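# Structural features, examined
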Amino acid sequence: MRVFLELFIEFFQIGLFAVGGGPATIPFLMDLPSRHDWYERADVASMLAVSESTPGPIGINMATYAGYNAAGYAGGLVATLSLVLPSIIVIVIVAKILESFNKNPYVKSAFSTIRPAVTGLIATAVLGIWETSLFTAEDGSFRFPIFSVALCIIFYVAMNHKKLKKLHPAFWILCGAVFGIVFKM
Amino acid sequence: MKELFSLYATFFRIGGLTFGGGLTMLPMLTHELVEKKDWVTEDELLDYYAVGQCTPGIIAVNTATFVGYKRKGVMGGIFATLGMISPSLIIISILAMFLNQWLSNVWVSHAVNGIKVVVCALMLNTIVTMAKKSIVSALSGAVAVIAFLLALFTPVPTVLIVIIAGVLGIILYKTGGLKV
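Residues numbered from 1 in each chain as written. Chains lettered and ligands numbered in written order. Predicted model: local features only at pLDDT ≥ 70, side-chain atom pairs only at ≥ 80, totals over all residues. Heavy atoms only, no water.

## Some remarks on the overall build of chain B
Definition in use: Each helix is a run of DSSP H or I of at least 4 residues and each strand a run of E of at least 2, with the numbering of both proceeding from the N terminus. Radius of gyration means the value over C-alpha atoms here, while the globule rule gives 2.2 Å times the residue count to the 0.38 power. Methods summary: accessible areas were calculated by the Shrake-Rupley approach with a probe of 1.4 Å, and residue burial reflects only the protein chains presented.
Across its full length, chain B holds 7 helices and 1 strand. Each helix (α) and strand (β) of chain B, taken in turn from the N terminus, gives the series α-β-α-α-α-α-α-α. Over its C-alpha trace chain B gives a radius of gyration of 20 Å, far above what one expects of a compact globule, namely 16 Å for 180 residues. If one aligns the C-alpha atoms of chain B with their principal axes, the spans along those axes are about 50 × 50 × 25 Å. Summed over all atoms, the accessible surface of chain B reaches about 8400 Å², with 70% contributed by carbon and sulfur.

This is the structure:
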């Protein structure tokens, strides 16, 4: 029972403070393993891959997956409902004052600094994902896999090529799976 | 009751047929809510969407709550949101069950290692896109760098950094250091 209460508290907080949608949940999800043994930091990369290549908002998929790893189906349900509860509360309040909310100078000034701060937080989380997925060997020591790093740069350049920009992330994830099998990564 | 169910069904379809959430969801929302259902106008939808981006939480969920609330009050908001998250709950629960079993397979683990490289590239893409949108002045650049360093080198909780950033914005506005 305790794990459900913990899931509720953690994911309610994430729902309340992850401003800017799905990617904003990543810093929080990278943080969770330091307090709970639901999953490991190294698992976040595969969670992201699954969330990006299945239907539905990424943040919701991540919450379901994290909750499932923590406490099975019920865990996925509790984590996801806890994540959306703050949205429902906040939006119902905001909907009543919609006209003034958007133009309120306090709201605008607060969000003008929250947005870049969230970008900084996500940058830290991305570094963490690189560290666990690329630069950590199976025994936990540092490694520098030249092939994987080069491949990562090639993928990044390819997905920003103007002819390939429209391709869905799921396409790149499939490419990654094929490369991984062919080169026995 | 019928309209609540219709809200649930419509947002279930949107959640089940769009990949990625956020901006990629807008064409689907327009098609379902403006063209098929005539529940909201395109301008209203863009307004909801804008508010959904600057309120906490998942943008797609915020937009669903908004539209549902407008149609049928609080219950409408709840039904629309439940519709939006149901496909994820079903699909991810099934996948997670298999994935955890598959991961012990050697071929799957090769595939996962390849996928992790792509995720690293995708995340780089995400952070560059977000930086371009959110870092628009020297102040926002400084805030981003400070938040980055705090999160990287200190144990200050993520939640606290978000709160401090918001308070800083309001203080700067009050003292005239920030024009909005």
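## Some details on the packing of aromatic side chains
The criterion, for reference: Pairing of aromatic side chains requires ring centres within 6.5 Å, counting the rings of Phe and Tyr and the six-membered ring of Trp. Pairs whose planes differ by under 30 degrees are stacked, by over 60 edge-to-face, and all others tilted. Whether a residue is buried, partly exposed or exposed follows from its accessible area with a 1.4 Å probe, protein chains only, as a fraction of its type maximum: under 20%, in between, or over 50%, in that order.
Under the definition given, this model contains 11 aromatic pairs over all chains. Ring centres of Tyr106 of chain A and Tyr173 of chain B lie 5.5 Å apart, and the angle between their planes is 80°; this geometry places the pair in the edge-to-face category. Of the two residues, Tyr106 of chain A is situated in helix α6 (residues 105-133) and Tyr173 of chain B in helix α7 (residues 158-174); the pairing between them involves two chains. Tyr173 of chain B gets classed as partly exposed once you look at its relative accessible area, which sits at 26%. The structure contains a cluster of three or more aromatic residues connected by ring pairs, namely Phe147, Phe155, Phe171, Trp172, Phe179 and Phe183 of chain A.

## Observations concerning a nonpolar patch on the surface
Residue and element names in this part refer to chain A. How we decide: For patch building, the residue pool is restricted to those with more than 30% relative accessible area and no salt bridge; the joining distance is 9 Å between like charges and 5 Å between nonpolar side chains (Val, Leu, Ile, Met, Phe, Trp, Tyr). We define a salt bridge as a side-chain nitrogen of Lys or Arg found within 4 Å of a carboxyl oxygen belonging to Asp or Glu.
Where nonpolar side chains cluster on the molecular surface, the patch consists of Leu5, Phe8, Ile9, Leu85, Ile89 and Ile93 and spans about 530 Å² of accessible area. Mapped onto the elements of the fold, Ile9 is located in helix α1 (residues 2-17). Among the residues examined, Ile9 registers a relative accessible area of 43% and is labelled partly exposed.

## Considering the side chain of His36 of chain A
The condition is simple: Contacts: residue pairs with any heavy atoms within 4.5 Å of one another.
The residue His36 of chain A is located in the loop between α2 (25-31) and α3 (44-52) in this model. Those residues in contact with His36 of chain A that lie beyond four places of it in its chain are Glu6 and Glu10 of chain A.

## Observations regarding α3 of chain A
One full turn of an α-helix is made of 3.6 residues, so residues set three or four places apart face in the same direction. Counting buried positions along α3 of chain A yields 9 of 9 residues, so the element is predominantly enclosed. Of all the positions in α3 of chain A, only Val44, Ala45, Ser46, Met47, Leu48, Ala49, Val50, Ser51 and Glu52 of chain A are classed as buried.

## Some words on the interface of chain A and chain B
Using the following cut-off: Reported buried area values correspond to the accessible surface (1.4 Å probe) lost by two parts on association, with both partners' losses combined. Pairs of N or O atoms within 3.5 Å make up the polar contacts considered here, provided that, within protein, one atom can donate a hydrogen while the other can accept it, and that residues adjacent in sequence are counted only when both atoms are side-chain atoms. When residues are sorted by character, Ala, Val, Leu, Ile, Met, Phe, Trp, Tyr, Cys and Pro go into the nonpolar class, Asp, Glu, Lys and Arg into the charged class, and all the rest, Gly among them, into the polar class.
Counting residues at the interface gives 94 residues for chain A and 85 residues for chain B. In total, chain A and chain B occlude about 8100 Å² of area from one another, counting both sides; carbon and sulfur atoms represent 79% of this. The interface formed by chain A and chain B holds 0 salt bridges in total. Run the count over chain A and chain B and you get 15 residue pairs in polar contact (both at pLDDT 80 or more). For the side of chain A that touches chain B, the per-class residue count stands at 58 nonpolar, 30 polar and 6 charged.

## Topic: the state of the cysteines
Stated precisely, the cut-off is as follows: A pair of cysteine sulfur atoms is labelled a disulfide when the two atoms are within 2.5 Å.
By the definition in use, this model includes 0 disulfides over all chains. In this structure Cys175 of chain A is not part of a disulfide, and its nearest cysteine sulfur, from Cys152 of chain A, lies 14 Å away.

## Thoughts on the nonpolar core
Generally speaking, nonpolar side chains in soluble globular proteins are found buried as a group. Under the convention used in this document: Within this scheme, the nonpolar core is defined by two criteria: the residues are buried Ala, Val, Leu, Ile, Met, Phe, Trp, Tyr or Cys, and they are joined through side-chain atoms within 4.5 Å.
In terms of nonpolar packing, the biggest core is built from 110 residues, with Phe11, Ile129 and Phe155 of chain A together with Phe11, Leu29 and Leu33 of chain B touching the most fellow members. The greatest single-element share of this core, amounting to 16 residues, is contributed by helix α4 (residues 58-96) of chain A. Excluding anything up to four places from it in sequence, Phe11 of chain B contacts Leu29, Leu33, Trp39, Ala64, Val67, Ala80, Gly83 and Met84 of chain B.

## Overview of the confidence of the model for chain A
Basically, it comes down to this: Here pLDDT means the predictor's own confidence in every residue, given as a number from 0 to 100.
With 98% of its residues at a pLDDT of 70 or more, chain A shows a mean pLDDT of 87. By mean pLDDT, the top-scoring element of chain A is α1 of chain A (94), and the lowest-scoring one is helix α5 (residues 98-103) of chain A (70).

## Overview of a negative patch on the surface
Using the following cut-off: Residues scored as charged are limited to Lys and Arg (positive) and Asp and Glu (negative), so that His and the chain ends carry no count. The atom standing in for a charge is NZ when the residue is Lys, CZ when it is Arg, CG when it is Asp and CD when it is Glu.
Together, Glu35, Glu42, Asp43 and Asp47 of chain B make up a region of like negative charge exposed at the surface. Positionally, Asp43 of chain B belongs in helix α3 (residues 42-53).

## What to know about the layout of surface pockets
Definition in use: Whether a set of points on the 1 Å grid over the protein atoms alone is a cavity depends on a 1.4 Å probe fitting there but being unable to get out, while an open set qualifies as a pocket with protein on both sides within 12 Å along at least five of seven lines; lining residues are those with an atom within 4 Å of a point. Grid points are joined across faces, edges and corners, and a volume is the space filled by probe spheres set on the points.
Quantified by volume, the second largest pocket comes out at close to 630 Å³. Lining of the second largest pocket is provided by 23 residues; of these, Ala42, Thr132 and Glu138 of chain A together with Asn113 and Lys116 of chain B occupy positions nearest its centre. Of all the secondary structure elements, the ones that give two or more residues to the lining of the second largest pocket are α3, α4 and α6 of chain A together with α5 (106-134) of chain B. No other element matches α5 of chain B, which puts 5 residues into the lining of the second largest pocket. Tallied by class, the residues present in the lining of the second largest pocket amount to 10 nonpolar, 9 polar and 4 charged.

## Focus on helix α1 (residues 2-17) of chain B
To be explicit about the condition: A helix is expected to reach a length of 1.5 Å times the quantity of its residues less one. Working note: the arc is built from the helix axis to C-beta atom directions.
An ideal rise of 1.5 Å per residue puts 22 Å on 16 residues; α1 of chain B measures up with 23 Å between its terminal C-alpha atoms. Burial in α1 of chain B covers these residues: Leu4, Ser6, Leu7, Thr10, Phe11, Ile14 and Gly15 of chain B. Looking straight down α1 of chain B, one finds its buried side chains confined to an arc of 165°; they lie on one side. The exposed set on the far side of α1 of chain B, more than 90 degrees from its buried face, consists of Lys2, Phe5 and Leu17 of chain B. Residues of α1 of chain B that are buried sit in contact with β1 (56-57) of chain A together with α2 (26-36) and α4 (59-102) of chain B.

## Structural notes on the domain arrangement of chain A
All names here are of chain A. So the rule is basically this: For every domain, the bounds stem from an assignment made automatically or drawn from a database.
Annotation of chain A at the domain level lists domain 1 (2-142) and domain 2 (145-185). Each partner contributes residues to the interface: domain 1 has 5 residues there, and domain 2 has 7 residues. Counting the surface lost from both domain 1 and domain 2, the interface buries some 510 Å², and carbon and sulfur atoms represent 81% of this. Contact with domain 2 buries area across many residues of domain 1, yet Glu52, Ser53 and Leu134 alone supply 74% of it, more than any other trio. Joining domain 1 to domain 2, the criterion identifies 0 salt bridges. There are 0 residue pairs in polar contact (both at pLDDT 80 or more) connecting domain 1 and domain 2. Broken down by class, the residue content of the side of domain 1 that touches domain 2 amounts to 3 nonpolar, 1 polar and 1 charged.

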